[in-house]
Amino acid sequence: MINFRFGLLPVEEIQPWGGVGESPRLSWFGLTDGWYCVDVAGHELLRYVDRAPHPPDGEQGGRAASSYVDYFVVRFWEDILEMVPRVMEPVPEDLVAFVSGDETHWASADTSEAEEAADWHSHHYLDMGHLRNPSELRWWRTVADGEDVMTVSWQHEPGGGIEFTAPAKGRVTLPTASFVAAVTELDRALLAVMEQRVTELEAVGPPPGVHIDLRHLRHEQRDRATWLQRAWGRACDTDWDAVRAGARELLRPHRGSAGGSDRMEE
């Protein structure tokens, strides 16, 4: 029901970093240049409209894969791992309406509780601020009545020539185990292809004219292999009383809402 797919550019097609007067160079991060997509219940959430078709499944390709978001795949991986601890924390039943709601309808509030609630809410989004007019992807987990599920919600406003093939908005609920398996597989697949890439560079050296610190490259490969386990083990210190108090403030009816009342619903 959910899959995080990606492909990497061949090393020789990756544009090295370096400004005017600087030697061209590449790092572990830069060597992950490629494309990625989130597949949920048959929807390709990051596939652009009117772009070239992607290469066959399992094949790594170059810019022919640009029907999907093309960026450094490690950034996608990092942002998912950063999101994992918060979205794996089950949302209490009385906060589901808040986490699943749209902040455009919040009342104005500048208390510490409102800030705490807004911050907690924001950590359920996958960070895609490095992209131009991206989709908003949000995740939250609920455990109730013997069911442990993850909800995936997305929304996109077309603009700036950016439009995706998936419906403009949608929401899918799937077993939390499926989300865990998808994250685990993304981690395994990215580290496996980068292990092959690092090993090949150690054997043949960097592309002509490009500097790569091979010793640091190997060190970073080993270090990043520990990141997922650390993400699973990272505990959240959510102040539920503050989040609940802030949510009540932010959800308080305000002028301009239906009925025009400032009274908080009981």
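Residues numbered from 1 in each chain as written. Predicted model: local features only at pLDDT ≥ 70, side-chain atom pairs only at ≥ 80, totals over all residues. Heavy atoms only, no water.

(A) Local environment of a negative patch on the surface. There is a patch of like negative charges on the surface, built from Glu113, Glu115, Glu116, Asp119, Asp237, Asp239 and Asp241. It is helix H3 (residues 112–122) that provides the largest number of residues to the negative patch, a total of 4 residues. Here Asp119 shows up in helix H3. On the basis of relative accessible area, Asp119 is assigned to the partly exposed category, the value being 39%. (Patch = residues over 30% accessible without salt bridge, like charges linked within 9 Å, V, L, I, M, F, W, Y side chains within 5 Å. Areas by Shrake-Rupley, 256 points an atom, 1.4 Å probe, with all protein chains shown as cover. Salt bridge = Lys/Arg side-chain N within 4 Å of Asp/Glu carboxyl O. Lys, Arg positive; Asp, Glu negative; His and termini not counted. Charge placed at Lys NZ, Arg CZ, Asp CG, Glu CD. Helix = DSSP H or I, 4+ residues; strand = E, 2+ residues; numbered from the N terminus. Buried < 20%, exposed > 50% of the residue type's maximum accessible area, 1.4 Å probe, protein only.)

(B) Quick look at the packing of H3 against helix H7 (residues 240–250). Following both chains from N to C, one finds H3 and H7 inclined at 95°, their axes separated by 7 Å at the closest point. Comparing their axes, H7 and H3 come out roughly perpendicular. Where H3 approaches H7, its residues Glu113, Ala114, Glu116, Ala117, Ala118 and Trp120 are matched on the opposing element by Trp240, Ala242, Val243, Ala245, Gly246, Ala247, Glu249 and Leu250. Looking at side-chain class alone, the contact of H3 with H7 contains 10 nonpolar, 1 polar and 3 charged residues. (Axes fitted to C-alpha atoms, helices over the stretch in contact; angles between N-to-C directions. Parallel < 35°, antiparallel > 145°, perpendicular 65-115°, else oblique. Contact = heavy atoms within 4.5 Å. Nonpolar A, V, L, I, M, F, W, Y, C, P; charged D, E, K, R; others polar.)

(C) Quick peek at the pattern of salt bridges. Counted by the stated rule, this structure contains 14 salt bridges. In this structure, Glu44 and Arg5 form a salt bridge, with 2.9 Å as the shortest nitrogen-oxygen distance. Taken together, the residues Glu44 in strand E3 (residues 43–44) and Arg5 in strand E1 (residues 2–8) connect sequence positions 39 residues apart. Here Arg224 ties to Glu220 by a salt bridge, and the two come within 2.9 Å at their closest N and O atoms. Placement of the pair is Arg224 and Glu220 together in helix H5 (residues 214–224), with a separation of 4 residues, close to one helical turn. The pair Arg224 / Glu220 is uniform in exposure class, with both members buried. Through salt bridges that share partners, Arg5, Asp39, Glu44 and Arg47 make up one connected network.

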